[in-house]
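# Tertiary structure, described
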Amino acid sequence: MSVVKINALTVPAEMRETLEQRFASRAGMVDSQDGFEWFELLRPVEGTDQYLVYTRWRSEADFQAWMDGNMKAAHAQGDGAERPKPASTDSALWSFEVVQSTGPRA
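The present account deals with the structure reproduced in this document. Predicted model, so just to flag it, every value in this text is computed and none were measured. Numbering of residues starts from 1 in each chain and follows the order in which that chain's sequence is written. With the structure being a predicted model, the display of local features is reserved for residues of pLDDT at least 70 and the display and counting of side-chain atom pairs for 80 or more, all residues being used for whole-chain, interface and lining totals. Hydrogens and waters are ignored; side-chain quantities use all the structure's heavy atoms.

## Brief notes about the environment of Met67
Quick note on the threshold: Helix numbers and strand numbers start at the N terminus; a helix is a DSSP run of H or I with at least 4 residues, a strand a run of E with at least 2. Whether a residue is buried, partly exposed or exposed follows from its accessible area with a 1.4 Å probe, protein chains only, as a fraction of its type maximum: under 20%, in between, or over 50%, in that order.
Checked against the element boundaries, Met67 lands in helix α2 (residues 60-68). Residue Met67 is classed as partly exposed on the basis of its relative accessible area of 26%. The spatial distance from the C-alpha of Met67 to the C-alpha of Trp38 is 15 Å, given a sequence separation of 29 residues.

Shown next, in the form of structure tokens:
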């Protein structure tokens, strides 16, 4: 049974472009992670300042392996330079198990 992780990021309007650029610059870093199934960055349209970072994983263990390994590396500043200011002002990680799923008919 797959698991879904949604990171809800509160992003002020003036930091939206920065957040999107940061995700674009890391595009593909999670794709080859064992157990990774899907990623989407969802931009708010109206009524909220929260971006949603949606990932789906084969198992909780696969997600934890990403968190403990490559995710830390993706967010690390390895050259000794000062780390850039976060684009979000708050975040919350939501966890779900997929109990039903469907897609378009063939």
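Read on, since the account is not over.
## Side note on the nonpolar core
Note that soluble globular proteins tend to have their nonpolar side chains buried in a common cluster. Note the cut-off: Here, the term nonpolar core denotes a set of buried Ala, Val, Leu, Ile, Met, Phe, Trp, Tyr and Cys residues that are joined through side-chain atoms within 4.5 Å. Two residues qualify as a contact provided that any one of their heavy atoms is within 4.5 Å of a heavy atom in the partner residue.
Core analysis: the biggest nonpolar cluster contains eight residues, these being Leu9, Val11, Met15, Leu19, Phe23, Tyr51, Val53 and Ala87. At the level of secondary structure, the elements contributing two or more residues to this core comprise α1 (16-25) and β3 (50-57). Leaving out residues up to four positions away in the same chain, Leu19 has contacts with Leu9, Val11, Tyr51 and Ala87.

## Describing the packing of aromatic side chains
Heads up, the rule is: In this scheme Phe, Tyr and Trp rings, the latter by its six-membered ring, pair at centre separations within 6.5 Å, and the angle between planes marks the pair as stacked below 30 degrees, edge-to-face above 60, and tilted otherwise.
All chains considered together, the criterion is met by four aromatic pairs. Pairing Phe23 with Phe39 gives two aromatic rings, centres 6.1 Å apart and planes at 25°, and the pair type is stacked. Placement of the pair is Phe23 in helix α1 and Phe39 in strand β2 (residues 36-42), with a sequence separation of 16 residues. With centroids separated by 5.5 Å and ring planes inclined at 75°, the aromatic side chains of Phe36 and Trp57 adopt a geometry described as edge-to-face. On the criterion of sequence distance, the pair formed by Phe36 in strand β2 and Trp57 in strand β3 is long-range, its members being 21 residues apart. Of the residues examined, Phe36 reaches a relative accessible area of 18% and is grouped as buried.

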